[in-house]
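Secondary and tertiary structure notes
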Amino acid sequence: MIKLEPRGERSRLMSWLSPILAALLTMLTGLVLFTLLGVDPWQALTTILYKPIADTYGLAELAVKATPILLCAIGLSVVFKAQIWNIGAEGQLLMGGLFGSYMALQFLDNDSGYVLPMVLLAGVAGGLFWAGIAAILKVQFNTNEILTTIMMNYIALNILLWAVHGPLKDPEGFNFPESAMFSQSAILPVLIDDTRVHFGLALALLAVVAIWVLMSRSFVGFQIRVLGLDRSAARLSGFREKRLIYFALLLSGGLAGLAGVGEVAGPIGQLIPSISPGYGYAAIIVAFLGRLHPLGIVLATLLMALLYMGGEMAQIELGLPLALTSLFQGLLLFYLLACDVLIGFRLRLTTSKPATAPAAAVATDTAVIEARG
Amino acid sequence: MKRRQFHKLLAGVVAGAMLGLSVPAVHAEEPLKVGFVYVGPIGDHGWSYQHDQGRLSAEAHFGDKIKTTYVENVAEGADAERVIRNLAKAGNDIIFTTSFGFMNPTVKVAKQFPNVKFEHATGYKLSDNLGTYVSKTYEGRYVAGYVASQMTKTNKIGYIASFPIPEVIRDINTVQLALAKYNPNAELKIVWVNTWFDPGKEADAANAMMDQGVDVILQHTDSPAAMQAAERRGAFAVGQASDMTHFGPKAHLLSVVDEWGPHYINRIQAVMDGSWKSSAMVEGMKEGAIVIPGFNESIPADVTAKAKELIAGIKDGSVYPFTGPLKDNKGEMKVPEGTKLTFADLEKMDWYVEGIKAEIPK
């Protein structure tokens with residue numbers, strides 16, 4: 001029987017090294033895997049991790065891919081710090097894209113300077129609206145936000161599909177489910193010529209800095225951290241819990257909404273049925289991989305974006321299947337959780353009777369939850 | 001370098017040296033690079049699977065004269081543009097993007113790579129180095145409509161429709177025209193599922209129609225779910241995109257199969273010859289793009305024979321469902337006697353023919 005036993009004090013250094021260790025173990029497993037598949041492992045690894053960013057074009061594409069993930073993940077770091085589990089970044093992103101598109105389609109023949117700010121604000125409003133519903137349900141009815149936000153992801157997707165197949169469909173598009181292309185005034189300006197890097201990246205980096213300051217220097221940030229660490233302590237100190245929940249959820253929702261409008265008004269340029277390949281979900285992995293710290297999240301976002309692009313590159317260059325991308329992402333999360341558990345706990349072989357087995361299982365569960373927090 | 005290539009190179013260099021020629025002869029041996037972008041996994045047994053079968057038959061045809069690359073499961077969003085551009089950057093000479101949602105990304109990349117040829121399936125935007133291709137699925141659907149009209153006992157035919165785009169509307173119309181001609185008592189029931197591939201929804205639609213007495217199901221979606229549902233309940237069904245016989249051996253009347261191989265072979269050859277030109281290509285039974293591989297043995301011999309006759313007629317042009325006079329389902333004359341709809345008309349079709357008791361969803 002294997003038992004998990006707390007190690008006592010948790011090493012701060014190790015908790016930071018854990019993601020790096022996880023990344024190394026993922027690479028190592030990758031090497032073994034490629035060897036078994038009969039692919040030159042070194043070539044495979046460089047194709048996935050280096051080739052996509054070997055030139056300026058590749059680096060620019062990495063930034064394009066990272067922008068929406070970063071916006072979602074940095075927002076999630078705030079709610080997760082408060083121990084509020086917003087799994088709904090995907091839905092909030094979709095609503096942001098939908099609201100932003102609706103606004104952009106009102107200004108198809110308008111090249112004024114106020115169009116883009118209105119489009120962006122509409123996108124943020126979409127995210128706020130969707131996260132706001134989850135916040136009201138949680139604060140007023142004590143509903144579990146994990147369930148509501150997950151369910152609302154599907155509702156958001158179906159509303160978006162309805163809109164793009166219905167009222168927002170391009171009237172000249174032969175009934176194909178796409179909106180008209182936005183006018184240039186509603187499109188985020190490109191930051192670097194001949195690339196697709198757009199103003200959304202600047203907004204995302206701005207958000208990272210702002211949230212860093214908010215969480216480490218402001219009183220609100222302090223309150224959120226206390227709320228996450230000990231809810232009753234926060235209540236005893238007179239913090240207004242409900243207000244903090246609203247604040248954290250709306251902040252992450254608004255940023256996810258911005259991510260969504262940044263995609264439709266950025267590289268896509270119109271509303272289509274599939275504006276996100278799951279950025280909102282990837283952002284959850286990214287937030288934990290980055291230890292809910294702004295700097296860590298930036299690094300984790302880059303790694304996640306690179307894995308997506310590496311998967312494409314492995315198909316083009318080596319003919320490896322796409323499942324590889326998901327496999328790598330899964331391995332990464334698995335190793336991270338494993339490292340976290342083993343950093344907080346030590347394995348002990350015991351000769352206990354089966355009766356204690358459920359207790360050991362419970363211990364494992366708590367270990368994972370604690371390691372995540 | 002692969003060994004075979006090395007031998008060729010060696011042979012080329014030796015021959016060149018002997019004849020006093022330089023290397024261009026060897027250079028011509030360099031394979032033509034062909035890229036494919038799929039929206040689904042190649043294992044979907046529907047749309048992307050059929051395109052990949054087309055890629056494989058092009059490979060079998062050309063051998064080491066071409067080198068193909070595919071990228072599967074490409075999301076129709078911001079990623080598509082990067083994938084297409086990466087294929088262009090990797091030196092592909094012609095790139096096939098096989099889903100409607102890749103249209104605008106393909107247009108953008110085609111602008112940046114004027115020397116690379118692009119072909120986009122099912123779209124409507126063209127440029128000098130960007131062509132489109134689409135199959136006349138309605139030809140197969142007409143034969144399916146005829147067989148359905150003969151096999152139904154309840155006189156209720158079901159149609160699982162994906163999206164109200166012109167392709168789907170004209171195929172629904174073709175089936176209605178076949179029913180009107182060969183069994184005027186048969187009625188067409190249409191269910192919109194708003195998806196190309198969702199086994200759950202497709203099965204629900206099939207079951208709902210069978211509850212209403214439908215006994216032959218046609219589908220304009222890609223999963224075999226309706227076929228399986230029909231098999232369980234003893235109804236008939238028509239397969240789409242790939243041969244679906246084994247999903248319902250008793251229910252399966254026939255499948256209308258998309259064969260992309262001939263198109264790919266033809267177009268790759270054109271690039272090799274230097275004769276490739278951008279155009280909107282439409283191919284059907286005559287070109288081998290739409291195929292009905294076989295008929296269920298339970299179909300009476302005279303019906304099978306007539307169906308084969310129709311196929312021959314479609315191939316030689318004597319059978320064409322969209323020949324006037326045609327009225328829409330509100331009684332307005334749309335195609336006067338003696339005229340025919342062109343494919344350009346069909347590409348914009350947004351009305352139901354006479355006899356369909358339904359409205360097109362807006």
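What you see is a predicted model, and the numbers here were worked out from it, not measured in a lab. (Residues numbered from 1 in each chain as written. Chains lettered and ligands numbered in written order. Predicted model: local features only at pLDDT ≥ 70, side-chain atom pairs only at ≥ 80, totals over all residues.)

Turning to the overall build of chain B, a few remarks are in order. Broken down by element type, chain B carries 12 helices and 14 strands. Its C-alpha radius of gyration of 23 Å places chain B within 12% of the 21 Å reference for a compact globule of 362 residues. Each principal axis of the C-alpha distribution contributes one length, and for chain B these read about 80 × 40 × 40 Å. Relative to its 362 residues, chain B shows a buried fraction of 48%. In chain B, the share of contacts with a sequence separation of at least 24, taken over all contacts with a separation of at least 6, comes to 61%. (Helix = DSSP H or I, 4+ residues; strand = E, 2+ residues; numbered from the N terminus. Rg over C-alpha atoms; globule rule 2.2 N^0.38 Å. Buried ≥ 20, exposed ≤ 12 C-beta atoms within 10 Å, placed from the backbone. Contact = placed C-beta atoms within 7 Å.)

Here the focus is the sheet that holds strand β9 (residues 236–241) of chain B. All names here are of chain B. Strand order in the open sheet formed by six strands is β7-β6-β8-β9-β10-β12, with mixed pairing between adjacent strands. This sheet does not close on itself; its edge strands, each paired only once, are β7 (187–192) and β12 (290–291). In terms of strand pairing, β9 meets strand β10 (residues 252–258) through five bridges, oriented parallel. Bridging from a neighbouring strand, Ala237 pairs with His252 of β10. (Pairing = 2+ DSSP bridges.)

Across the junction of Gly324 of chain B and Pro325 of chain B, the peptide omega takes the value 5°, indicating a cis bond. Within the element layout of this structure, Pro325 of chain B appears in the loop between α11 (301–316) and β13 (326–327). A positive phi angle, near 55°, is found at Asn142 of chain A, a position not held by glycine. Along the polypeptide, Asn142 of chain A turns up in the loop between α5 (115–141) and α6 (145–165).

Our focus in this paragraph is the pairing of strand β2 (residues 66–71) of chain B. Counting buried positions along β2 of chain B gives five out of six residues, so the element sits mostly inside the fold. Since strand β1 (residues 32–37) of chain B and β2 of chain B lie parallel, the crossover through helix α3 (residues 47–62) of chain B that links them has a hand, and here it is right-handed. (Right-handed = clockwise from strand over helix to strand, strands pointing away.)

Contacts between the two partners involve 26 residues from chain B and, on the opposite side, 22 residues from chain A. Among the elements of the structure, β2 and α4 (78–89) of chain B are those that each provide at least two residues to the side of chain B that touches chain A. Top element by residues in the side of chain B that touches chain A is α4 of chain B. It accounts for seven residues. For the side of chain B that touches chain A, the class distribution of residues is 12 nonpolar, seven polar and seven charged. (Nonpolar A, V, L, I, M, F, W, Y, C, P; charged D, E, K, R; others polar.)

Turning to the packing of helix α8 (residues 199–211) of chain B against helix α9 (residues 225–232) of chain B, a few remarks are in order. Packed helix pairs are specified by the crossing angle of their axes together with the interaxial distance, meaning the distance between the axes. Residue and element names in this part refer to chain B. Between α8 and α9, whose axes approach to 8 Å, the crossing angle comes to 40°. Taken as axis vectors, α8 and α9 run oblique relative to one another. Here α8 and α9 pass one another in a crossing that is right-handed. Counted together, Pro199, Glu202, Ala203, Ala206 and Asn207 of α8 and Ala225, Ala226, Ala229 and Ala230 of α9 form the full contact between these two elements. Broken down by class, the residue content of the contact of α8 with α9 amounts to seven nonpolar, one polar and one charged. (Axes fitted to C-alpha atoms, helices over the stretch in contact; angles between N-to-C directions. Parallel < 35°, antiparallel > 145°, perpendicular 65-115°, else oblique. Left-handed = near helix turned anticlockwise from the far one by under 90°.)

This part is about the sheet that holds β2 of chain B. Residue and element names in this part refer to chain B. With parallel pairing, the six strands of this open sheet are ordered in space as β2-β1-β3-β4-β5-β11. Looking at strand neighbours, the two that pair on one side only are β2 and β11 (280–283), the edges of this open sheet. Averaged over all pairs of adjacent strands, the angle between strand axes in this sheet comes to 20°, irrespective of strand direction. Examined bridge by bridge, β1 and strand β3 (residues 94–97) share four bridges and lie parallel to one another. In the sheet register, Val34 faces β3, and the bridge partner there is Ile94.

Residues and elements named next belong to chain A. Two elements in contact, helix α12 (residues 294–318) and helix α13 (residues 323–344), have axes whose closest approach is 8 Å; the angle formed by their N-to-C orientations is 145°. Relative to α13, the crossing made by α12 is right-handed. Two secondary-structure elements touch here, α12 through Leu307, Tyr308, Gly311 and Ala314 and α13 through Leu324, Thr325, Phe328 and Gln329. Tallied by class, residues from the contact of α12 with α13 come to five nonpolar, three polar and no charged.

Moving on: helix α1 (residues 12–37) of chain A. Residues and elements named next belong to chain A. Look at α1: 38 Å from first C-alpha to last across 26 residues, which is about the 38 Å you get at 1.5 Å a residue. When the local axis directions of α1 are compared, the greatest deviation, roughly 35°, occurs at Ser18, which is followed within four positions by the proline Pro19. The complete set of buried residues in α1 reads Ser18, Pro19, Ala22, Thr26 and Phe34. Buried residues in α1 make contact with α2 (41–49), α11 (279–289), α12 and α13. Backbone geometry just after α1 places Gly38 at a positive phi near 80°. (Expected span 1.5 Å × (residues − 1). Bend = angle between axes of the 7 residues up to and from the residue.)

Before going further, it helps to examine the confidence of the model for chain B. Residues and elements named next belong to chain B. When pLDDT is averaged along chain B, the result is 90, and 92% of the positions lie at 70 or above. Helix α2 (residues 24–27) is the least confidently modelled element of chain B, averaging 43 in pLDDT, while β3 averages 97, the highest of any element. Segment residues 6–27 is flagged for pLDDT under 50; beyond a separation of four residues in sequence, or across chains, it makes 12 contacts in the model. Interface scoring of the predicted complex returns ipTM 0.78; its pTM is 0.81. (pLDDT = per-residue confidence, 0-100.)

Before going further, it helps to examine the confidence of the model for chain A. Here chain A shows a mean pLDDT of 89. Residues at 70 or above account for 94%. Here residues 355–373 of chain A is a poorly scored stretch, pLDDT under 50, and it has 17 contacts once near neighbours within four places are set aside; other chains count.

Time to look at the pairing of β7 of chain B. Residue and element names in this part refer to chain B. Direction of pairing for strand β6 (residues 156–161) relative to β7: parallel, over a ladder of six bridges. Paired with Gly158 across the two strands is Lys189, which belongs to β7. Each parallel crossover has a hand, and for β6 linked through helix α7 (residues 166–182) to β7 it is right-handed.

This part covers the domain arrangement of chain B. All names here are of chain B. When the domains of chain B are assigned, the result is domain 1 (3–135 + 260–283) and domain 2 (137–257 + 322–346). The interface of domain 1 with domain 2 comprises nine residues on the first partner and nine residues on the second. Grouping the amino acids of the side of domain 1 that touches domain 2 by side-chain chemistry returns three nonpolar, five polar and one charged. (Domains from an automatic or database assignment.)

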